[in-house]
Amino acid sequence: MIKFRNIAVLTSGGDAPGMNTLVRSVARSALEQGVKVYGVYEGFQGLMDDQPADPKSHFPGSLINLDAYAVTNIIDKGGTILKSARAEKFKTEEGMALAKATCERHNIDGIVAIGGDGTFRGATDLTNRGIPCIGLPATIDNDITATDESIGFDTALNTAVELIDKLRDTCESHARCNVVELMGRNAGYITLEAGAAAGASGILTCECPYSEEEIFKNIINAKKQGKRSFIVVIAEGVKFKKEEEGVKNYCEDFAKRLETATGVETKFCRPAHILRGGIPSPRDRILASQMGYEAVRLLLEGKSRLVVCKQKSGIISLDINYALILDRMYKNKLKPGDLDAFTTEQQAEMRAFCAAKAAEFAEMYRVANAIGAYPESE
Ligand code: F6P
């Protein structure tokens, strides 16, 4: 086994509840193995900057010593104690060289990078330049194809459902509908699962075709049978897609069309970044604890360029490049040559995985809609 002197852990990209739980798990798992841990302040930006602490501005320094106590009582804290930043320069050779130099100066023999696909690309580039990295998936969007669940998703889902349940109360009192636009970038997981859990009368995502007319008809039928409150959820990705087609304010205008078509007074709500904050759910905390431990185990075993994932079989790890190409395949964004590095068997395995994932989404969508439906009464 390689003798590691120090490792570093960083959070990058959009924050997600549970990132702190990951940081704690990584730090404690490494310390238990006698390896010192640095927390990198402000992600890859901090790794390039390597600034000393400035007590006057309360800046803790780009590299923070994470001893066991430094990560105490963060298991339940939202956001990220290490902060996050967008680091365009990290994509350049100059940025890479700066990051590598920081690692060499501080005897950092490996990095655990927490975030989404942008973070994993950075981790791959750094591994290719001699700094072994392991990625941990954290994003509320749950849009990292290789893992069934990313850290932060369960908390965001719980937050969304709690919000919708509150909206339901007031909708029921006033016989109203609430159209709720939910984050998720181009992925509809939060919307689908929140819609299913909150008994939505309509669920609009990019993944599955929907009909506005069918949703209106469903609400009219339900109203005739005495139903007073209605919830319709829309994934923000639908809005982004419509914007690409030149349609602005799709979600707000959909709410107005719904009101006109059904005669039900309709309000619009966009919780936006509220879904990114808050106390991580127990499920996120448990998964984060397992994933952080696994990342350190892999790193100390001399493995790198891997992303830790949760799949049906349990906690596994996959080559980052495999995971990134799988992601592009699922999102229909493959570029020419992307599959060249993979055997025919691997390509078939990737296609089957993507097909199964899409089928699972479609089935949950079908069931949620079936249960939310009010067939026409006699
Ligand atoms: O990826 C997480 C996410 O919250 C998405 O759901 C959303 O589209 C995006 O980030 C918002 O990004 P920003 O915080 O930069 O506005």
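This section reports on the structure supplied with the text. (Residues numbered from 1 in each chain as written. Predicted model: local features only at pLDDT ≥ 70, side-chain atom pairs only at ≥ 80, totals over all residues. Heavy atoms only, no water.)

### Some remarks on the site of the ligand
If you check the shell around the ligand, you find Arg 86, Thr 139, Ile 140, Asp 141, Met 183, Gly 184, Arg 185, Glu 236, His 273 and Arg 276 and nothing else. Within the side chain of Asp 141, one N or O atom sits 2.6 Å away from an oxygen atom of the ligand. The fraction of the free accessible surface of the ligand (400 Å²) that becomes covered by protein chains is 77%. Its residues placed into classes, the shell around the ligand shows two nonpolar, three polar and five charged. (Near = heavy atom within 4 Å. Polar contact = N/O pair within 3.5 Å; in protein donor to acceptor, adjacent residues only side chain to side chain. Areas by Shrake-Rupley, 256 points an atom, 1.4 Å probe, with all protein chains shown as cover. Nonpolar A, V, L, I, M, F, W, Y, C, P; charged D, E, K, R; others polar.)

### Observations regarding the sheet that holds strand β2 (residues 36-40)
As summarised here, the arrangement of the seven strands in space is β3-β2-β1-β4-β5-β10-β11, forming an open sheet in which the pairing is mixed. Here the strands that pair on one side only, and so sit at the sheet edges, are β3 (63-65) and β11 (314-319). Averaged over neighbouring strand pairs, the angle between their axes works out to 30 degrees when direction is ignored. Relative to β2, strand β1 (residues 6-11) runs parallel, the two being bridged by five bridges. What sits directly across from Val 9, in β2, is Gly 39. Strands in contact with helix α1 (residues 19-32) are β1, β2, β4 (108-115) and β5 (133-137); relative to β1, the strand with the most contacts, it is inclined by about 175 degrees. (Pairing = 2+ DSSP bridges. Helix = DSSP H or I, 4+ residues; strand = E, 2+ residues; numbered from the N terminus. Axes fitted to C-alpha atoms, helices over the stretch in contact; angles between N-to-C directions. Contact = heavy atoms within 4.5 Å.)

### Some remarks on α1
With 14 residues, α1 extends 20 Å from end C-alpha to end C-alpha; this agrees with the ideal 20 Å at 1.5 Å per step. In terms of burial, α1 is largely enclosed, as ten of its 14 residues are buried. Those residues of α1 not exposed but buried are Met 19, Asn 20, Thr 21, Leu 22, Val 23, Ser 25, Val 26, Ala 27, Ser 29 and Ala 30. Check the buried side of α1 and you find it contacts β1, β2, β4, β5 and α10 (282-300). Directly beyond the C-terminal end of α1, a positive phi value near 80 degrees is found at Gly 34. (Expected span 1.5 Å × (residues − 1). Buried < 20%, exposed > 50% of the residue type's maximum accessible area, 1.4 Å probe, protein only.)

### Describing the nonpolar core
Core analysis: the largest hydrophobic core is formed by 59 residues, its most contacted members being Ile 7, Val 9, Leu 136 and Leu 182. Residue contributions to this core reach at least three from each of two domains, namely domain 1 (6-152 + 280-320) and domain 2 (153-273). The residues contacting Leu 182, other than those within four sequence positions of it, are Ala 160, Ile 164, Ile 190, Thr 191, Ala 194, Val 233, Ile 234, Ala 235, Glu 236, Pro 271 and Leu 275. Counting residues in each nonpolar core, the second largest holds 37 residues, with Leu 10, Tyr 38, Ile 108 and Leu 324 among its members. (Core = buried A, V, L, I, M, F, W, Y, C linked by side-chain atoms within 4.5 Å. Domains from an automatic or database assignment.)

### Observations regarding unusual backbone geometry
Trans peptide bonds make up most of the peptide bonds, and negative phi angles are found at most residues other than glycine. Residues other than glycine seldom take positive phi values, yet Asn 107 does so here, at roughly 55 degrees. Tracing the chain through its elements places Asn 107 in the loop between α3 (93-105) and β4. Exposure remark for Asn 107: the relative accessible area of 33% places this residue in the partly exposed category. Unlike most non-glycine residues, Ala 272 shows phi in positive territory, near 45 degrees. The residue Ala 272 is located in the loop between β9 (265-269) and α10 in this model. Accessibility expressed as a relative area gives 23% for Ala 272, which makes it partly exposed.

### Observations concerning the pairing of β1
Across the six residues of β1, six count as buried, placing the element largely inside the fold. Of the two faces of β1, the one lined by Asn 6, Ala 8 and Leu 10 and the one lined by Ile 7, Val 9 and Thr 11 are each fully buried. At this point the chain moves from β1, through α1, to the parallel β2, and the crossover so formed is right-handed. As paired strands, β1 and β4 are joined by six bridges and run parallel to one another. Note on β4: the bridge partner recorded for Ile 7 is Gly 110. (Right-handed = clockwise from strand over helix to strand, strands pointing away.)

### Some details on the pattern of salt bridges
Where charged atoms of side chains with opposite charge meet at close range, the side chains can pair. As enumerated under the stated definition, the model contains 27 salt bridges in all. Across the pair Asp 253 and Lys 256 runs a salt bridge whose closest N-O atoms are separated by 3.7 Å. Placement of both Asp 253 and Lys 256 in helix α9 (residues 250-262) is noted, with a separation of three residues, approximately one turn of the helix. We classify Asp 253 as partly exposed; its relative accessible area is 28%. The residue Arg 297 makes a salt bridge to Glu 301 at a minimum N-O spacing of 2.8 Å. Of the residues examined, Arg 297 reaches a relative accessible area of 35% and is grouped as partly exposed. Judged by its relative accessible area of 40%, Glu 301 is partly exposed. (Salt bridge = Lys/Arg side-chain N within 4 Å of Asp/Glu carboxyl O.)

### Quick word on the sheet that holds strand β6 (residues 176-182)
The strand order across the open sheet built from four strands is β7-β8-β6-β9, with neighbouring strands paired in parallel fashion. Of all the strands in the sheet, just β7 (202-204) and β9 have a single pairing partner and so form its edges. Strand-to-strand twist in this sheet, taken as the mean axis angle between neighbours without regard to direction, amounts to 15 degrees. Here six bridges tie β6 to strand β8 (residues 230-235), and the two strands are oriented parallel to one another. Residue pairing in the sheet places Val 180 in a bridge with Val 233 of β8. Along the sheet, helix α8 (residues 236-244) contacts β6, β7 and β8; its crossing angle with β8, the most-contacted strand, is approximately 55 degrees.

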